Amino acid sequence: MSKIKHILSAEVSDSEIINGIEKGDNRIINKMYKLFYPSIAHMITSNNGTDDEAKDIFQEAVMVLYDKITQQKFELNSKLSTFLYAVSRRLWLKQLSRKGHSTNTSDISDFEDILHVEDDIQQHQEIENKFDQMNEAMSQLGEPCQTLLKDFYIKNLSMQEITDKFGYTNSDNAKTQKYKCLQRLKKIFFTIKIAE
Amino acid sequence: MQRHKFIEWADQYLRGELEQIDIQAFEDFCASNPEYAQILEEHKTFLITFQQSENRNHFKAALAEEATHIESYGSQNHFGNKVISFWSKLQINTGIAAAVAFISVFTTLWLTGYFTDVKKATSDYSALRREMNSVKRNVTAQNKVIQNINKNEVPKKDISSHFGATGFLLTKDGYVVTNYHVVNGADSIQLQNQKGKAFRAEIIHTDAAKDLAILRIADSSFRTTKTVPYTFKKQLTDVGEDIYTIGFPRDEAVYGQGYLSSNTGYSGDTIAYQISIPVNPGNSGGPVLDTQGNVVGIISGKQKGIDGAAFAIKTKELIETLNRIPTESLKGNIVLNNKNSLNKLSRTEQIKKLQDFIYIVKVY
């Protein structure tokens with residue numbers, strides 16, 4: 001009986017994983033690797049891929065899932081393993097055709113598509129672009145603005161804590177600094193967006 | 001209201017730091033100033049994007065971080081584990097296959113008589129030394145057993161052996177050559193000449209590989225003889241050459257005649273000839289001479305079960321052995337005779353002259 005319990009607790013349901021991703025619970029990542037990675041890695045390594053390429057593809061597939069979960073109301077209409085496998089397969093085929101290997105992939109490209117993941121990948125790439133702009137803007141912003149904004153808006157530090165951390169004479173100074181940083185970030189972000 | 005003041009107020013509102021009254025005031029302000037409501041909306045959207053971006057980066061980093069831990073798991077799973085599971089599957093089959101191969105090889109070898117052949121091959125060479133007084137000894141041993149039959153005594157094995165063979169003089173000052181297998185393990189060696197006179201001899205040098213032993217007569221009663229009448233032929237003798245020997249298969253000298261039948265000895269041994277002379281135990285160490293009276297070899301053994309296959313060590317090997325004797329173990333150099341006094345004589349005359357130089361070697 002205890003054995004069965006043990007097995008049950010080791011198994012993670014799809015909805016648990018989705019909840020984990022939604023809440024940003026990083027412990028779920030390890031479980032995802034254990035559950036889904038082997039079959040995908042096998043598919044890629046047996047189709048002209050290396051281990052490292054398999055990892056990259058897997059990570060991108062998980063990011064497609066992540067974007068799907070975080071950006072819209074996610075409806076689970078297949079098993080997660082099937083979804084990730086289908087996405088990985090599509091991504092790998094794209095990569096292979098970019099590399100000009102299409103001749104050798106008949107065994108996976110011939111397979112009928114189980115899921116239409118094309119839209120999800122498309123959406124993922126758009127999101128990826130958007131956030132790339134934000135990342136680009138952040139890196140152009142430089143220090144100490146980057147840390148200041150992260151501390152205030154992400155870590156939710158109080159104005160007083162920020163004043164102490166960055167050594168401003170009073171919290172009004174810190175507030176002015178924060179405002180300037182934010183304005184600069186917005187400016188850079190929108191400039192990049194227009195340039196795109 | 002200044003723009004940055006408003007943003008500060010908005011931040012406080014969004015973070016929930018405002019009191020209930022202030023929240024109401026902020027919301028009222030936005031409702032009455034649509035341009036500020038617009039600013040708030042933009043600010044909110046931007047912050048959400050910013051926060052999402054950071055969370056997403058965080059997740060991505062964690063994902064990449066996990067991939068480095070997965071490394072061993074992934075690669076082993078795909079290669080190592082495959083090999084291991086493949087091996088564990090085939091282990092038993094491999095074991096059985098090896099066992100079957102092993103058994104069938106040795107069964108086949110056994111059935112085809114390979115092992116008996118090997119045994120025969122190692123044992124069908126017989127060294128031609130003669131066991132002396134064997135009849136007498138056997139009778140004594142039998143009597144002993146009969147006498148002790150009720151005493152339950154295990155009869156002690158008579159380890160002292162007594163062998164006879166042939167040897168011949170190399171030089172007139174008493175160096176004699178015979179086979180190593182004759183003198184091997186000897187307590188004492190006696191050389192007895194044609195006239196029945198016995199001399200004590202000592203071993204100067206032995207060469208087990210060539211089966212040669214060089215003895216020296218160390219007896220005060222020994223007088224240097226006349227110069228040995230034969231010479232030693234270092235060159236190879238041709239197959240078919242007429243040869244003869246004199247040896248002591250019994251207590252009298254026995255003449256044997258034949259021909260040289262091969263340039264190699266037992267199983268291709270290059271240090272010996274194969275000769276076709278009827279030889280018997282006791283002939284070991286006897287000289288093999290050609291028609292001119294040159295020593296071409298020394299009889300060493302024969303092959304059991306094959307007629308006329310006897311073996312004689314080549315004279316060349318004897319010379320090599322002589323050259324290898326350390327000078328300190330010699331009493332005066334061994335100078336081989338190079339003047340042949342037999343070549344013009346008839347066979348019977350040769351034999352008469354030879355007999356004085358050939359000894360029975362008795363080993364105790």
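These numbers were taken from a predicted model, which means no experiment stands behind them. (Residues numbered from 1 in each chain as written. Chains lettered and ligands numbered in written order. Predicted model: local features only at pLDDT ≥ 70, side-chain atom pairs only at ≥ 80, totals over all residues.)

## Re the overall build of chain A
- Helix and strand counts for chain A come out as ten helices and zero strands.
- Listed by position from the N terminus, the elements making up chain A come as α-α-α-α-α-α-α-α-α-α.
- Of all 196 residues assigned to chain A, the portion counted as buried reaches 28%.
- Of all intrachain contacts in chain A linking residues separated by at least 6 positions in sequence, the fraction that spans at least 24 positions is 65%. (Helix = DSSP H or I, 4+ residues; strand = E, 2+ residues; numbered from the N terminus. Buried ≥ 20, exposed ≤ 12 C-beta atoms within 10 Å, placed from the backbone. Contact = placed C-beta atoms within 7 Å.)

## Some details on the overall build of chain B
- Within chain B, the regular secondary structure consists of eight helices and 15 strands.
- Per-residue burial over chain B gives 30% buried out of 364 residues.
- Taking the intrachain contacts of chain B between residues at least 6 apart in sequence as the baseline, contacts between residues at least 24 apart amount to 65%.

## Regarding the packing of helix α4 (residues 51-71) of chain A against helix α7 (residues 118-141) of chain A
Residues and elements named next belong to chain A.
- Packing of α4 against α7 brings their axes to within 9 Å, and their N-to-C directions diverge by 80°. Classified by the angle their axes make, α4 and α7 are roughly perpendicular. Contacts between α4 and α7 involve Met63, Val64, Asp67, Lys68 and Gln71 from the former and Asp120, Ile121, Gln123, His124 and Ile127 from the latter.
- Its residues assigned to classes, the contact of α4 with α7 shows four nonpolar, three polar and three charged. (Axes fitted to C-alpha atoms, helices over the stretch in contact; angles between N-to-C directions. Parallel < 35°, antiparallel > 145°, perpendicular 65-115°, else oblique. Nonpolar A, V, L, I, M, F, W, Y, C, P; charged D, E, K, R; others polar.)

## Focus: the UniProt feature "transmembrane region" (unreviewed entry) in chain B
- Under the UniProt annotation, the feature "transmembrane region" (unreviewed entry) is placed at residues 92-115 of chain B.
- End C-alpha to end C-alpha, residues 92-115 of chain B measures 30 Å, and it is 92% helix and 0% strand. (UniProt positions renumbered as here; feature names shortened; annotations may be inferred.)

## Some thoughts on the interface of chain B and chain A
- At the interface, 28 residues of chain B touch 27 residues of chain A.
- Counting residues per element, the ones that place at least two in the side of chain B that touches chain A are α1 (3-14) and α3 (34-111) of chain B.
- With 24 residues, the top contributor of residues to the side of chain B that touches chain A is α3 of chain B.
- Tallied by class, the residues present in the side of chain B that touches chain A amount to ten nonpolar, twelve polar and six charged.

## Comments concerning the nonpolar core
- By size, the foremost hydrophobic cluster in this structure holds 57 residues, and its most contacted members are Val176, Ile275, Val288 and Ala312 of chain B.
- In terms of nonpolar packing, the next biggest core, distinct from the first, is built from 31 residues, Ile17, Ile21, Ile29 and Ile57 of chain A among them. (Core = buried A, V, L, I, M, F, W, Y, C linked by C-beta atoms within 7 Å.)

## Observations concerning unusual backbone geometry
- Phi is positive for Asp211 of chain B, which is not a glycine, with a value near 55°.
- Tracing the backbone shows Asp211 of chain B in the loop between β6 (198-207) and β7 (212-217).

## Here's the deal with the environment of Arg216 of chain B
Residue and element names in this part refer to chain B.
- Note that Arg216 resides in strand β7.
- As for Arg216 and Ile203, which are separated by 13 residues in sequence, their C-alpha atoms are 6.5 Å apart.
- Contact partners of Arg216, with chain neighbours within four places excluded, come to Gly174, Tyr175, Ala201, Glu202, Ile204 and Lys331.

## Examining the pairing of strand β9 (residues 242-247) of chain B
All names here are of chain B.
- Burial analysis of β9 places five of its six residues in the buried class, which makes it a mostly covered element.
- Here β9 runs beside strand β10 (residues 254-262); their pairing, made up of six bridges, is antiparallel. Looking across to β10, one finds that Thr245 is bridged to Gly256.
- Between β9 and β10, which pair antiparallel one after the other, the connecting turn spans six residues.
- Pairing analysis gives three bridges linking β9 to strand β12 (residues 287-290), with the strands arranged antiparallel. Residue Tyr244 lies in a different strand from β12, and its bridge partner there is Leu289. (Pairing = 2+ DSSP bridges.)

## Notes on the confidence of the model for chain B
Residues and elements named next belong to chain B.
- Here chain B averages 81 in pLDDT, while 90% of its residues score no lower than 70.
- Confidence over residues 72-77 falls short of pLDDT 50; this stretch has six contacts with residues more than four positions distant or in other chains.
- This prediction of the complex comes with two scores: 0.44 for pTM and 0.79 for ipTM. (pLDDT = per-residue confidence, 0-100.)

## Quick notes on the pairing of strand β13 (residues 294-303) of chain B
Residues and elements named next belong to chain B.
- Within β13, nine of the ten residues are buried, which leaves the element mostly enclosed by the surrounding structure.
- Judged from the three bridges that link them, strand β1 (residues 125-127) and β13 form a sheet pairing that is antiparallel. Residue pairing for β13: Ala127 is matched across the bridge by Gly301.
- Two elements, strand β8 (residues 231-232) and β13, share two bridges in a ladder whose sense is parallel. Within the sheet, the bridge partner assigned to Thr231 lies in β13 and is Asn294.
- Across three bridges, the pairing between β12 and β13 is antiparallel. Within β13, the residue paired with Leu289 across the bridge is Val295.

## Comments concerning the packing of helix α2 (residues 14-22) of chain A against α4 of chain A
All names here are of chain A.
- It is at 9 Å that the axes of α2 and α4 come closest, and there the two elements cross at 75°. In terms of orientation, α2 lies roughly perpendicular with respect to α4. When α2 is examined against α4, the residues Ile18, Ile21 and Glu22 are found in contact with a partner set consisting of Leu65, Tyr66, Ile69 and Thr70.
- In terms of residue class, the contact of α2 with α4 is made up of five nonpolar, one polar and one charged.

## A few points about the environment of Ala165 of chain B
Residues and elements named next belong to chain B.
- Among the secondary structure elements, Ala165 is positioned in strand β3 (residues 163-169).
- With 85 residues separating them in the primary sequence, Ala165 and Arg250 have C-alpha atoms 9.0 Å apart.
- Discounting residues that sit within four places of it in the chain, Ala165 has contacts with Arg129, Arg130, Thr178, Asn179, Val182, Gly282, Ser284, Gly285 and Val361.

## With respect to the confidence of the model for chain A
Residue and element names in this part refer to chain A.
- Across chain A, the average pLDDT comes to 76, with 84% of residues at 70 or higher.
- Considering each helix and strand of chain A separately, the mean pLDDT is smallest for helix α1 (residues 2-10), with a value of 43, and largest for α4, with 83.
- This model gives residues 1-9 a pLDDT under 50, and the stretch forms zero contacts once residues within four places in sequence are excluded.

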